[in-house]
Structure formats: C-alpha cells, structure tokens
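Close look at the chain arrangement
Listed below, chain by chain, are the residues.
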Amino acid sequence: MLERRLAGELSTADVRLVAVSLGVSVRTVWRWLARAQETGSPLPAARARFEVTDEVVEVLADCGVTNLLAITRWMMR
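This section reports on the structure supplied with the text. Throughout this description, residue numbers start from 1 for each chain and increase along the sequence as written. Where totals are concerned, whole chains, interfaces and linings use all residues; where local detail is concerned, this predicted model gives features only for residues with pLDDT of at least 70, and gives and counts side-chain atom pairs only at 80 or more. Only heavy atoms go into the side-chain values, all of them from the structure, while hydrogens and water stay out.

**Points about the packing of helix H2 (residues 12-22) against helix H3 (residues 26-39)**
- Axis definition: a line fitted to C-alpha atoms, over the contacting stretch in the case of helices. Angles run 0 to 180 degrees between N-to-C directions. Helix and strand assignments come from DSSP, with helices taken as H or I runs of at least 4 residues and strands as E runs of at least 2, each series counted from the N terminus. It is at 8 Å that the axes of H2 and H3 come closest, and there the two elements cross at 105°. As summarised for this structure, H2 and H3 are arranged roughly perpendicular, according to the angle between their axes. From H2, Thr12, Val15, Arg16, Val18, Ala19 and Leu22 reach across to H3, where they touch Val26, Val29, Trp30, Trp32 and Leu33.
- Three residue categories are used. Nonpolar comprises Ala, Val, Leu, Ile, Met, Phe, Trp, Tyr, Cys and Pro, charged comprises Asp, Glu, Lys and Arg, and polar comprises the others, including Gly. Partitioning the contact of H2 with H3 into residue classes produces nine nonpolar, one polar and one charged. Should an angle fall under 35 degrees it is taken as roughly parallel, and over 145 as roughly antiparallel, whereas 65 to 115 is taken as roughly perpendicular and any remaining angle as oblique. Residue contacts are defined here by distance: any two heavy atoms, one from each residue, within 4.5 Å place the two residues in contact.

What follows is the structure, given as structure tokens:
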C-alpha cells in the first residue's frame, strides 16, 4: 500500500477496503500509512510502559497499600 501511495496510485476505495477488512476507520489506515512513510516502518512506535519494580512494591507496602484494588485506587489519585 505504501508503494502505491508513494506512486500516487492509492485510492480512498483501496484504503476503505483495508479499513473494513481490519475493523478500523479509514482515518486510522491513512494515519498508519503516513507514519510508515515518515518512519520507514509499518510497525507502531514503541510506547513507554509503567513497570512495577521492587522499589515501587516497597514504597506501596510502606504506605500500607497491600492489595491490588488498593494499589489501583492509590495510583489513580
């Protein structure tokens, strides 16, 4: 698809067909193509993820937070 886009041969109908096939919006497919053109990769950028380290567990335990529901509520504050 990216090659067809770069050659000016990609139509909205093509994009619509892909969007319907994947269960996403047409706009999403256009964004994916734009990102692939910018980065040279069809893969999404890696996201920063929160990691629960031993230090985090210790801090939460020191605060008296000992169960998952309490931890979730504490983190949402």
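Once you've had a look at it, read on.
**Let's talk about the pattern of salt bridges**
- Salt bridge, as used here: a side-chain nitrogen of Lys or Arg that lies within 4 Å of a carboxyl oxygen of Asp or Glu. Under the counting rule described, the total for this entry stands at one salt bridge.
- A salt bridge links Asp14 to Arg4, with the nearest nitrogen and oxygen atoms 3.0 Å apart. Taken as a pair, Asp14 in helix H2 and Arg4 in helix H1 (residues 2-6) lie far apart in primary sequence, 10 residues in all.
- What makes Asp14 partly exposed here is its relative accessible area of 23%. Between buried and exposed lies partly exposed: a residue is buried under 20% and exposed over 50% of the maximum accessible area for its type, with that area taken using a 1.4 Å probe on protein chains only.

**Observations regarding a nonpolar patch on the surface**
- Without a salt bridge and with relative accessible area above 30%, a residue can belong to a patch; like charges are then joined within 9 Å and nonpolar side chains (Val, Leu, Ile, Met, Phe, Trp, Tyr) within 5 Å. Areas reported as accessible are Shrake-Rupley estimates using a 1.4 Å probe. Residue values count occlusion only from the protein chains shown. The grouping of Phe50, Val52, Val57, Trp74 and Met75 at the surface amounts to a nonpolar patch, some 490 Å² of accessible area in total.
- With respect to the helices and strands, the residue Val52 is situated in the loop between H3 and helix H4 (54-62).

**Details of a negative patch on the surface**
- Neither His nor the chain ends contribute to the count of charged residues, in which Lys and Arg are positive and Asp and Glu negative. Each charge is placed at NZ for Lys, CZ for Arg, CG for Asp and CD for Glu. The grouping of Asp54, Glu55, Glu58 and Asp62 at the surface amounts to a negative patch.
- Tracing the sequence through the fold places Glu55 in helix H4.
- Residue classification places Glu55 among the exposed positions, given a relative accessible area of 60%.

**What about the nonpolar core?**
- Joining through side-chain atoms within 4.5 Å is the link that ties buried Ala, Val, Leu, Ile, Met, Phe, Trp, Tyr and Cys residues into a set, and such a set is a nonpolar core. Core analysis: the biggest nonpolar cluster contains five residues, these being Leu10, Val15, Ala19, Val29 and Leu33.
- When contributions to this core are tallied by element, the ones reaching two or more residues are H2 and H3.
- If sequence neighbours within four positions are ignored, Val29 has contacts with Met1, Val15, Val18, Ala19 and Val24.

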